[in-house]
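Chain residues, written in single-letter form:
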Amino acid sequence: MNRRELLMSGSSLLAWLATSGLVSAANAQTAAGQVDGEELSLPPLLDARSGPIRLEATAGTTVFAGGAPSSTMGFNQTYLGPTVLLRRGTNIPVRIENGVNVPITLHWHGLTVPSSADGGPGTETAPGAGRDVELPVNQPAATHWYHTHVHGRTAPDVYAGLAGAVILQDDDEAGIELPRTYGVDDFVLILQDKRFDSSGRAVYEPGMMDVMHGFRGDAVLVNGQLRPIAKAPRGLVRLRLINAATSSPFDLSLESGRPLVLIGVDQGLLDAPVEVSRVLIAPGERVELLVDLRLGEDRLMAASQSSMGMGGMMGGMGGDAGSAVLLTLVPEDSQEAAVTTMPERLPGSMVAIAATGARRRFLLDEGMGPMNMVRGLLGGSPVMTINGKPYEIDRVDFSTPVGAKEHWSVVANQMAHPFHVHGAKFQVLRNGGREPRPEERGWKDTVLVNGEAELAVSIDAETSEGLPFVFHCHILEHEDAGMMGQFTTQV
């Protein structure tokens, strides 16, 4: 697969990547006055496989790579949250507490749980308050994540750090010889880009164009670190990548040119490993990759494009600004590798479903028209829509039975949009007039729509306590501006 095929045909996606603002890591380091190359730090594990857990939103400061202290938030710590370890077939009580001065929710991105536990916009917890939910965990092993989801505040608060990883385990995954020792040969990598001022302080001050096109950072951080180093035994290493940026896509490859081995996507493992030269991961998406360190040290890279403004969004791709180093992988011989042989098969299902239920069409519109421009000139925020309607918390756009298999067409004509649905999963049938890329195959809950995507959607979860599920653009600035709708389900 060459780079042109991976990045999709069509100028809208290429233009979106062109505006990503991902400068080279060296330039970002110089601009922010930062240092890099520290040993990779992983979020602490929070084992929820057999008992209740507590997650408290906390505020504080974090120093990113030697810069000035930045105001941040996290769960149970001052930036990001612990990696929550779940097991299929359990019901886990979760206590959510809000120790910050803004309302929060806790959305379990990728878990198909009842809407009362899902953590959508209707489940706000006020400052100083708490909320109890129960997670019925009954889906295959996968890498998921959690984050706040308050309408109008999702982008700034996720940027500040109110997000964390989820590792879901099951017997099928345990029966395959895969790396799974956390922090030894199994690494959670939460990707966020940050914009820094001259002192190295992370700032989130979006202007009109940032809202219209998505806020882009100067440098990409991995678990809050700039270009960290991960040391692992000389064997297979598992990378669980989560794109927790507000809007930036990451086009991943290895510096050596060796292949990445794709084993999992949003909703779980594939049916077999797939060698790829590059992987594109949009906001909200997850991928699981294997890297063979028997072949020596390597670096995980993110391709970048020179920043462009409105003309770039409408006019095509700018000049290539090279690639930024995300992570250096260093083999060590002091510990024996647990896994050295690539598995031939994986337990995921790739059987296509028959979408015989309702057919629905969703037009994602960022409103690049005169009214939004006028709002910007007057100091207001743009209004974005799905099917011509901005989000309203009291409006339900449709209702459908649990278990329905539907055909959805999602259209993004002006720029590419990552589309995410709660309470359901889907298979990508076509995207932008082409067959799905390897990382678009298998079961998904988020997809980068370029032109028109055709999805076979499985409605899996029940709405409860009068709370709908939402579907939305996962460019968080767009979601906050109204590019979101709601639906209910019936058993």
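All values derive from a computational prediction rather than experimental measurement.

The next subject is the packing of aromatic side chains. In this structure the tally under the stated criterion is 20 aromatic pairs. With 6.4 Å between their ring centres and 65 degrees between their planes, Phe-64 and Phe-196 make a pair best called edge-to-face. You can see Phe-64 sitting in the loop between strand 2 (53-62) and strand 3 (70-75) and its partner Phe-196 sitting in strand 10 (residues 186-196), a full 132 residues away along the chain. In terms of burial, Phe-64 and Phe-196 fall into one category: buried. An aromatic cluster is defined as three or more aromatic residues linked by ring pairs; in this entry it consists of Phe-362, Phe-398, Trp-408, Phe-419, Phe-469, Phe-471 and Phe-487. Stacked on the ring of Phe-215, the Lys or Arg Arg-195 has its end atom at 4.0 Å from the ring centre. The aromatic ring of Trp-443 is capped on one face by Lys-425, whose charged end is 4.8 Å from the ring centroid.

This structure, assessed with the given rule, holds 32 salt bridges. In this structure, Asp-132 engages Arg-95 in a salt bridge whose closest nitrogen and oxygen atoms are separated by 2.9 Å. With Asp-132 in strand 7 (residues 130-137) and Arg-95 in strand 5 (residues 90-98), this pair connects stretches of sequence that are 37 residues apart. On the basis of relative accessibility, which here comes to 56%, the residue Asp-132 falls in the exposed class. One salt bridge connects Glu-285 with Lys-444, and the closest N-O pair in it is separated by 2.7 Å. Taken together, the positions of Glu-285 in the loop between strand 19 (279-281) and strand 20 (286-292) and Lys-444 in the loop between strand 27 (424-431) and strand 28 (446-459) put the pair 159 residues apart, joining distant regions of the chain. Accessibility assignment for this pair places Glu-285 and Lys-444 in one class, buried. Through salt bridges with shared partners, a single network forms among Glu-173, Arg-180, Asp-186, Arg-238, Arg-240 and Glu-288.

Another point: the environment of Ala-272. Relative to the elements of secondary structure, Ala-272 occurs in strand 18 (residues 268-276). Separated by 71 residues in the primary sequence, Ala-272 and Pro-343 have C-alpha atoms spaced 7.8 Å apart. In contact with Ala-272, other than residues within four places in its own chain, are Leu-262, Glu-344, Arg-345 and Leu-346.

Tracing the backbone shows His-149 in the loop between strand 8 (142-147) and helix 5 (154-160). At a separation of 3.2 Å, a polar atom in the side chain of His-149 contacts the side chain of His-472. Beyond its immediate chain neighbours, meaning those up to four positions away, His-149 contacts Thr-105, His-107, Gly-119, Gly-120, Pro-121, Thr-154, His-422, Val-470, His-472, Glu-479 and Met-484.

What follows deals with the pairing of strand 29 (residues 469-473). When you tally the buried positions in strand 29, you get five out of five residues, the bulk of the element. Where strand 26 (residues 405-421) meets strand 29, three bridges bridge the pair, whose relative direction is antiparallel. Bridging from a neighbouring strand, His-420 pairs with His-472 of strand 29.

Secondary-structure assignment places Arg-238 in strand 15 (residues 236-243). Here Pro-179 takes part through its backbone oxygen, which lies 3.0 Å from a polar atom of the side chain of Arg-238. Apart from the residues lying within four places of it in its own chain, the contact partners of Arg-238 are Glu-173, Leu-178, Pro-179, Arg-180, Asp-185, Asp-186, Phe-187, Ile-263, Leu-269, Glu-288, Leu-289 and Leu-290.

On to the sheet that holds strand 5. Taken in spatial order, the four strands of this open sheet run 3-2-5-7, and their pairing is mixed. The sheet is open, and its two borders are formed by strand 3 and strand 7, each paired with just one other strand. The mean inter-strand angle of the sheet, taken between neighbouring strand axes irrespective of direction, is 20 degrees. Relative to strand 5, strand 2 runs parallel, the two being bridged by five bridges. Residue pairing across strands places Arg-54 opposite Arg-95, the latter belonging to strand 5.

Our focus in this paragraph is the sheet that holds strand 1 (residues 45-47). With respect to topology, five strands assemble into an open sheet ordered 1-4-9-8-6, the strand pairing being mixed. Each edge of the open sheet carries a strand with a single partner, namely strand 1 and strand 6 (107-109). Ignoring strand direction, the axes of neighbouring strands in this sheet form an average angle of 30 degrees. Examined bridge by bridge, strand 1 and strand 4 (residues 83-87) share three bridges and lie parallel to one another. Paired with Asp-47 across the strands is Leu-85, a residue of strand 4.

Definitions and limits used
Residues numbered from 1 in each chain as written. Predicted model: local features only at pLDDT ≥ 70, side-chain atom pairs only at ≥ 80, totals over all residues. Heavy atoms only, no water. Phe/Tyr/Trp six-rings, centres within 6.5 Å; stacked < 30°, edge-to-face > 60°. Helix = DSSP H or I, 4+ residues; strand = E, 2+ residues; numbered from the N terminus. Buried < 20%, exposed > 50% of the residue type's maximum accessible area, 1.4 Å probe, protein only. Lys NZ or Arg CZ within 6 Å of the ring centre and 35° of its normal. Salt bridge = Lys/Arg side-chain N within 4 Å of Asp/Glu carboxyl O. Contact = heavy atoms within 4.5 Å. Polar contact = N/O pair within 3.5 Å; in protein donor to acceptor, adjacent residues only side chain to side chain. Pairing = 2+ DSSP bridges. Axes fitted to C-alpha atoms, helices over the stretch in contact; angles between N-to-C directions.

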